[in-house]
Amino acid sequence: MIILRLIYLIVLPVLVTGRLWAVLRGRESWGDFAHRMRGPAMPQGAVWIHGASVGEVASARQIIAALRAHPVLVTCNTATGRDSVASWGMAHVTPALAPLDFGGVARRMMAQARALIVLENELWPNRILAAHAAQKPVILLGARMSDRSAAKWSKRNALAMRMLGPVALAVPQDPTSQNNLVGLGVPAEAMQGPIVLKAAYETDTTPLPDDLSAFGPGHTILAASTHAGEEALVLDAFTKALSEQPDLRLIVAPRHPNRAAEIAGLVKASGLTLAQRSRGEAPDALVYLADTLGEMSLWYRRAGVAFLGGSLVDRGGHTPFEPIAYDCPILHGPYVRNFKEIYGALDAEMAAIEVRDAASLSGAMIAHLDDRAMANRARAVAKPVDLAPLIAQITATLGARAAN
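Draft legend 1. Spatial organisation of a positive patch on the surface. The grouping of R148, K152, K155 and R156 at the surface amounts to a positive patch. Here K152 lies in helix α8 (residues 147-154).

Draft legend 2. Highlighting the packing of helix α11 (residues 231-242) against helix α16 (residues 358-367). The N-to-C vectors of α11 and α16 enclose an angle of 50°; their axes lie 8 Å apart at closest approach. If you check the angle between α11 and α16, you find them oblique. Both α11 and α16 take part in a crossing whose hand is right-handed. Side by side, α11 and α16 meet where L233, V234, D236, A237, F238, K240 and A241 of the first sit next to A358, L361, S362, M365 and I366 of the second. Split by residue class, the contact of α11 with α16 holds 9 nonpolar, 1 polar and 2 charged.

Draft legend 3. Focus on unusual backbone geometry. The backbone of E120 sits at a positive phi, close to 60°, despite the residue not being glycine. Mapped onto the secondary structure, E120 falls in the loop between β4 (115-119) and α7 (125-133). One non-glycine residue with positive phi stands out, namely S225, at about 55°. Tracing the backbone shows S225 in strand β7 (residues 220-226).

Draft legend 4. Molecular detail of helix α15 (residues 340-348). Along α15, the positions that sit buried rather than exposed are I342, Y343 and L346. Projected down its long axis, α15 shows its buried positions confined to an angular sector of 95°, all on one face. Structural note: α15 exposes K340, E341 and A348 on the side pointing more than 90 degrees away from its buried face. Packing partners of the buried residues in α15 comprise β11 (305-308), α14 (321-325), β12 (330-332) and α17 (372-381). Positive phi appears at M350, one or two residues downstream of α15, with a value of about 55°.

Draft legend 5. Representation of the pattern of salt bridges in the model. As enumerated under the stated definition, the model contains 16 salt bridges in all. Note that E231 is salt-bridged to R259, the shortest N-O span being 2.8 Å. Taken together, the residues E231 in helix α11 and R259 in the loop between β8 (249-254) and α12 (260-270) connect sequence positions 28 residues apart. Since its relative accessible area comes to 2%, E231 is described here as buried.

Draft legend 6. Representation of the sheet that holds strand β1 (residues 47-51). Here 6 strands make up an open sheet; going across it, the order is β3-β2-β1-β4-β5-β6 and the pairing parallel. The strands lining the two open edges of the sheet, one partner per strand, are β3 (93-97) and β6 (169-172). Averaged over neighbouring strand pairs, the angle between their axes works out to 15° when direction is ignored. Where β4 and strand β5 (residues 138-143) come together, 4 bridges link them in parallel fashion. Paired with L119 across the bridge in β5 is L141.

Draft legend 7. Broad picture of the pairing of β5. Most of β5 sits inside the fold, with 6 of its 6 residues counted as buried. At this point the chain moves from β4, through α7, to the parallel β5, and the crossover so formed is right-handed. Alignment of β5 against β6, held across 4 bridges, turns out to be parallel. Across the sheet, residue A143 finds its bridge partner in β6, namely P172.

Draft legend 8. Quick peek at the side chain of R127. Locating R127 in the fold gives a position in helix α7. Here H50 takes part through its side chain, which lies 3.5 Å from a polar atom of the side chain of R127. Here R127 is in contact with W48, H50, A98, P99, L100, D101, A106, M110 and L116, once residues within four sequence places are set aside.

Draft legend 9. Expanded view of the nonpolar core. Within the largest apolar cluster, 34 residues are counted, with the highest numbers of intra-cluster contacts made by L116, L123, L140, W153, M163 and L164. Sequence-distant contacts of L140, that is, excluding residues within four places in its chain, are made with V118, L123, L164, V167, L169, A170 and V171. By size, the runner-up hydrophobic cluster in this structure holds 32 residues, among which are A224, Y288, L298 and W299.

Draft legend 10. Summary view of the sheet that holds β12. Taken in spatial order, the 7 strands make up an open sheet running β9-β10-β8-β7-β11-β12-β13, and their pairing is parallel. Looking at the sheet topology across the chains shown, the edges are occupied by β9 (274-276) and β13 (353-354). Pairing of β7 with β8 involves 6 bridges; the strand directions are parallel. Paired with A224 across the bridge in β8 is A253. Strands β7, β8, β10 (287-289) and β11 of the sheet are contacted by α11, whose axis makes an angle of about 175° with β8. Across the sheet, α16 touches β7, β11 and β12, and the angle it forms with β12 is around 175°.

Draft legend 11. Inspection of the environment of R108 at higher detail. Turning to its location among the elements, R108 is positioned in helix α6 (residues 103-112). Expressed as a C-alpha distance, the spacing of R108 and A134, which sit 26 residues apart in the sequence, is 9.8 Å. Once you skip the residues sitting within four places of it in the chain, R108 turns out to touch R38, G39 and P40.

Conventions adopted
Residues numbered from 1 in each chain as written. Predicted model: local features only at pLDDT ≥ 70, side-chain atom pairs only at ≥ 80, totals over all residues. Heavy atoms only, no water. Patch = residues over 30% accessible without salt bridge, like charges linked within 9 Å, V, L, I, M, F, W, Y side chains within 5 Å. Areas by Shrake-Rupley, 256 points an atom, 1.4 Å probe, with all protein chains shown as cover. Salt bridge = Lys/Arg side-chain N within 4 Å of Asp/Glu carboxyl O. Lys, Arg positive; Asp, Glu negative; His and termini not counted. Charge placed at Lys NZ, Arg CZ, Asp CG, Glu CD. Helix = DSSP H or I, 4+ residues; strand = E, 2+ residues; numbered from the N terminus. Axes fitted to C-alpha atoms, helices over the stretch in contact; angles between N-to-C directions. Parallel < 35°, antiparallel > 145°, perpendicular 65-115°, else oblique. Left-handed = near helix turned anticlockwise from the far one by under 90°. Contact = heavy atoms within 4.5 Å. Nonpolar A, V, L, I, M, F, W, Y, C, P; charged D, E, K, R; others polar. Buried < 20%, exposed > 50% of the residue type's maximum accessible area, 1.4 Å probe, protein only. Arc of directions from axis to C-beta. Pairing = 2+ DSSP bridges. Right-handed = clockwise from strand over helix to strand, strands pointing away. Polar contact = N/O pair within 3.5 Å; in protein donor to acceptor, adjacent residues only side chain to side chain. Core = buried A, V, L, I, M, F, W, Y, C linked by side-chain atoms within 4.5 Å.

Taken by themselves, the reported measurements are silent on function.
Shown next, in the form of structure tokens:
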């Protein structure tokens, strides 16, 4: 811990400068800066759930919704993640930006909290140790611990043991993470079998808005959760595909909607017509920019094939489980390390198609548009996950610790 505190003192000016720069660039507000430095207000007795960004908190949405008996504070490292949680409209949930991992802030927040739930690999030492010191349960959900990360933690074995030894419940997302977490100190009695939270999607069955009737699986292509460097390739591929099927439409739903101006510029430079959802424009252009949060289910329900972003640039890829739940055929790039196992299984069964450039993406857009057989194969590969037993166990863990 002495070494950790020295490291924190060294990097503190860099962290603070980075947050100030985000405010000056207009990406965050001064209120956001205050949350980063001092922490958001912790509702008394709240369950504090922390995830990195959109994908992590979305994977726990069913669990968060089920914890209605308690106030819940959900913190994210990114404003996009926080805003995504806000878009759910859950009355018992307070979304906020996560504070930097300062010891004093963590101790003050955990003094008010009921428990700490950590999603995936967000193992922040001060936060977790403050929960242990306050005798509040720590739960690891969808925990991810690769061999590489485990090797790094093993060099700080005493710290890892202090953090992970008192964990009340650990639910890894794969066998490798399970073995590595046990090796780093998670008690065997706290460990549960691997569960892929992101495989547990509840599909939206509400009627689709009338203004989206122009889209349909026979002619609509979706570029979902795209990152910088991918939209240009998608637009190039779409332009090529248009020459073969002139009635095609493209929906671009970027991972970070605040990149809308940049993407709109790319569309206009390509010569394609553009309509923008955030501006309330009618979706009557060749390209519809879905620069909003919390509406991805709309686009999967209307598209005949989806390219999943973060995979043609090295961002590790995004979850295939949501499009599978909506029977939307999947195209992806080679960079899918975040979901290596499921993409490998899908590709092996021709239940998803890997593309590497605009040319291969263009061909796949046409070949797999409204490919029902491919969607059915994906359903067979990705078995649905029932979270009810896990939710019951989390509720029991919170109740048992509260009684103590």
